[in-house]
Amino acid sequence: MDYRIIGDSCLDLTPEMKEEGKIKIVPLTLQVDGVEFVDDDSFDQKKFIKAVADFDGCPKSSCPSPEDYKKAYGEDEVTAFCITLSAELSGSYNSAVLGQRLIEEEFPNKKVYVFNSRSACIGETLIALKIQECAEKGASFEEIVEQVEAYISRRQTLFVLENLDHLRKNGRLTGMKATLVSVLNIKPVMMGTPEGTIEQCSMGRGTKKALKKMIEEVGNRVSDFENRIFGISHCNCPERAQYVKEEIEKRYPFQKIIVADTAGVGTLYANDGGIVIAF
């Protein structure tokens, strides 16, 4: 089957995936104090982090337009699979679905499916790899949709952030008690729920202890390690990502471990020093 994979720019690519060029990224736009940053190859992470640090207000993101997605799907009859940020966190999913309707009106024989990742960053990455795996095994369009949706329902995402200000200001911490973080240096271990929202599942005093708690949570949640790929993405903290990778390797026999840098949208929510894992 001839197919293409499209992701919004919250999907983190490993260096190998970037080199292969099999996944087309549709960029979101970030705004900080009236200045726009396009989340594409031109994105300057250091400049963005500094702009956010100097800004007292709330940075925002704008999702791609339906036309942007329509163009990315391709004006042909090649099957397209799209992966977006959780619909509970962004309008990217709804925009992608509208783009799907537009392209299908022009190309009635074209098959397009939009996956709501119910996650972000490396959680989206693992979905892309699952689509590739299914397609390479010869699965049909309908089989890929069924198998990947089943995968999304059991895939889990955890993260530890150095700073929660962006999530708090953007109203993404529903159900969480964020006040302890700044007062007592408590770093919560957070999880993406099956519905695509964010909840707290554990905590530690300081980042190192929180990362250890997060690593322990992996063992509490998984038994079929050999059948899973473990993904890590980080925001400007490769040493932390390497620490998590090494600890996971020591404890759990995952099929494979991948590491990716997070870009613009991931930086907006994860903030400098954030670590996101999915499995």
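Above this text sits the structure in question.
All of these numbers come straight from a predicted model, not from anything done at the bench.

Here is what the cut-offs are and how they apply
Residues numbered from 1 in each chain as written. Predicted model: local features only at pLDDT ≥ 70, side-chain atom pairs only at ≥ 80, totals over all residues. Heavy atoms only, no water. Phe/Tyr/Trp six-rings, centres within 6.5 Å; stacked < 30°, edge-to-face > 60°. Helix = DSSP H or I, 4+ residues; strand = E, 2+ residues; numbered from the N terminus. Lys NZ or Arg CZ within 6 Å of the ring centre and 35° of its normal. Buried < 20%, exposed > 50% of the residue type's maximum accessible area, 1.4 Å probe, protein only. Contact = heavy atoms within 4.5 Å. Arc of directions from axis to C-beta. Axes fitted to C-alpha atoms, helices over the stretch in contact; angles between N-to-C directions. Left-handed = near helix turned anticlockwise from the far one by under 90°. Core = buried A, V, L, I, M, F, W, Y, C linked by side-chain atoms within 4.5 Å.

Asks: Before we go on, may I ask you to explain the packing of aromatic side chains in this structure?
Replies: Each aromatic ring pair is described using two quantities: the centre-to-centre distance and the angle formed by the ring planes. Enumeration according to the criterion identifies 13 aromatic pairs in this entry. Each ring, one from Phe81 and one from Phe141, has its centre 5.5 Å from the other, and the planes form 20°; the classification is stacked. Separated by 60 residues along the polypeptide, Phe81 in strand E6 (residues 79-84) and Phe141 in helix H6 (residues 141-154) bring together distant segments of the chain. Three or more aromatic residues joined by ring pairs form one cluster here, namely Tyr3, Phe81, Tyr113, Phe115 and Phe141. Positioned above the aromatic ring of Tyr243, the side-chain terminus of Lys208 is 4.9 Å from the ring centre.

Asks: Sorry, what's going on with the side chain of Ser202 here?
Replies: Along the chain, the position of Ser202 falls in strand E10 (residues 198-205). Judged by relative accessible area, which is 15%, Ser202 ranks as buried. In this structure, Ser202 is in contact with Pro188, Val189, Lys213 and Glu217, ignoring residues within four places of it in sequence.

Asks: Teacher, can you tell me more about helix H3 (residues 66-73) here?
Replies: Three or four residues apart is the spacing at which side chains of an α-helix point the same way, because the helix has 3.6 residues per turn. Along H3, the residues classified as buried are Tyr69, Lys70, Ala72 and Tyr73. Buried residues along H3 cover an arc of 165° about the axis, so they all sit on one side. Looking at the buried side of H3, the elements it contacts are strand E1 (3-8), strand E2 (23-26), E6, helix H4 (92-106) and strand E7 (112-116). Taken from the residues just after H3, Gly74 is the one with a positive phi, measuring 95°.

Asks: Mind showing me how you'd approach the packing of helix H9 (residues 207-221) against helix H10 (residues 238-251) here?
Replies: Between two packed helices, what matters for the description is the angle formed by their axes and the separation of those axes. In the contact formed by H9 and H10, the axes pass within 11 Å of each other and the chain directions differ by 35°. Helix-helix and strand crossings are classified by hand; for H9 and H10 the assignment is right-handed. For the pair H9 and H10, contact is made by Thr207, Lys208, Leu211, Lys212, Met214, Ile215, Glu216 and Val218 and by Arg240, Tyr243, Val244, Glu247, Ile248 and Arg251, respectively.

Asks: Whenever I open this one, the nonpolar core confuses me. Can you help?
Replies: Within soluble globular proteins, side chains that are nonpolar tend to cluster in buried spots. Phe48, Ile131, Ile144 and Val148 are the most contacted members of the largest nonpolar core, which has 48 residues in total. Breaking this core down by element, the ones donating at least two residues are strand E3 (29-32), helix H2 (45-54), E6, helix H5 (122-136), H6, strand E12 (256-261), helix H11 (264-270) and strand E13 (275-278). Listed in part, the 24 residues of the second largest apolar core include Leu158, Ala210, Ala241 and Tyr252.

Remember that the coordinates give geometry; whether it matters functionally is a separate question.
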